[in-house]
Amino acid sequence: KSLLPLLWKASQSSQPKASRVAAARWSTDLMKILDLSNACHILCFLAGDADVTAASIAREGLGVGTKIGDDGDDGTVGTSESSTTLLPDFSDFCTILFLEDSDKSSLWRPRYHDFSYMGKTAALRFGLMCLLSDLYGGEDDAVNTYMIALGETLDWLGGRGRGPGREAIDLLDESSICWARC
């Protein structure tokens, strides 16, 4: 747990590129073994990083690959070539990512609504992968939380009133895919 504050600090956009790349690598290679849910939270955030290298490492660490927004010709959800992606418990992932902390600790942890468009896109895809892998173990509250996040994202994107950019279109596409799959 003592690595989490260091990784969150290194993942902030104000940090140098090398710090964010290192945070993505450490989360992928080490933290996933120690604390899978929190590592995936960091990776979802970094998947939306402005640096292509950090974002790519994070997406690969999540197992969503580079084709986020692609529904897949074969109907598959995950786009990673690796079928050995470790997935956290869906309920734990939703609690960490979508629900606000009642414990206002000094640790900076962005939630889903704080993520960039691409971070949100990766988080939705990864959440769907977790849900489908934990289909019979998913709690109703977690599924409800995920569906609320999807609905709020679609509503927010639909009510923007101005032409969205490419990343907003990708988020809209991914939100629609995830909504249809649920």
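Residues numbered from 1 in each chain as written. Predicted model: local features only at pLDDT ≥ 70, side-chain atom pairs only at ≥ 80, totals over all residues. Heavy atoms only, no water.

## What to know about the overall build of the protein
Step number 1: Scanning the protein from terminus to terminus reveals eight helices and zero strands.
Step number 2: The linear arrangement of helices and strands in the protein, starting from the amino end, is α-α-α-α-α-α-α-α.
Step number 3: Looking at the protein as a whole, 47% of its 182 residues are labelled buried.
Step number 4: In the protein, 69% of the contacts between residues at least 6 apart in sequence involve partners at least 24 apart.
Step number 5: As displayed, the protein has an accessible area near 9,100 Å², and 52% of this comes from carbon and sulfur atoms. (Helix = DSSP H or I, 4+ residues; strand = E, 2+ residues; numbered from the N terminus. Buried < 20%, exposed > 50% of the residue type's maximum accessible area, 1.4 Å probe, protein only. Contact = heavy atoms within 4.5 Å. Areas by Shrake-Rupley, 256 points an atom, 1.4 Å probe, with all protein chains shown as cover.)

## Structural notes on the environment of Asp140
Step number 1: Within the element layout of this structure, Asp140 appears in helix 7 (residues 140–158).
Step number 2: Separated by 49 residues in the primary sequence, Asp140 and Ser91 have C-alpha atoms spaced 8.9 Å apart.

## Thoughts on the nonpolar core
Step number 1: Among the nonpolar cores identified, the biggest contains 45 residues, and Leu62, Phe126 and Tyr146 are the most heavily contacted of them.
Step number 2: For this core, the secondary-structure elements that each account for two or more residues are helix 1 (3–11), helix 2 (17–34), helix 3 (36–46), helix 4 (52–62), helix 5 (90–98), helix 6 (117–133), helix 7 and helix 8 (166–181).
Step number 3: Not counting residues up to four positions away in its chain, the partners in contact with Tyr146 are Phe90, Cys94, Phe98, Leu124, Gly127, Leu128, Cys178 and Cys182. (Core = buried A, V, L, I, M, F, W, Y, C linked by side-chain atoms within 4.5 Å.)

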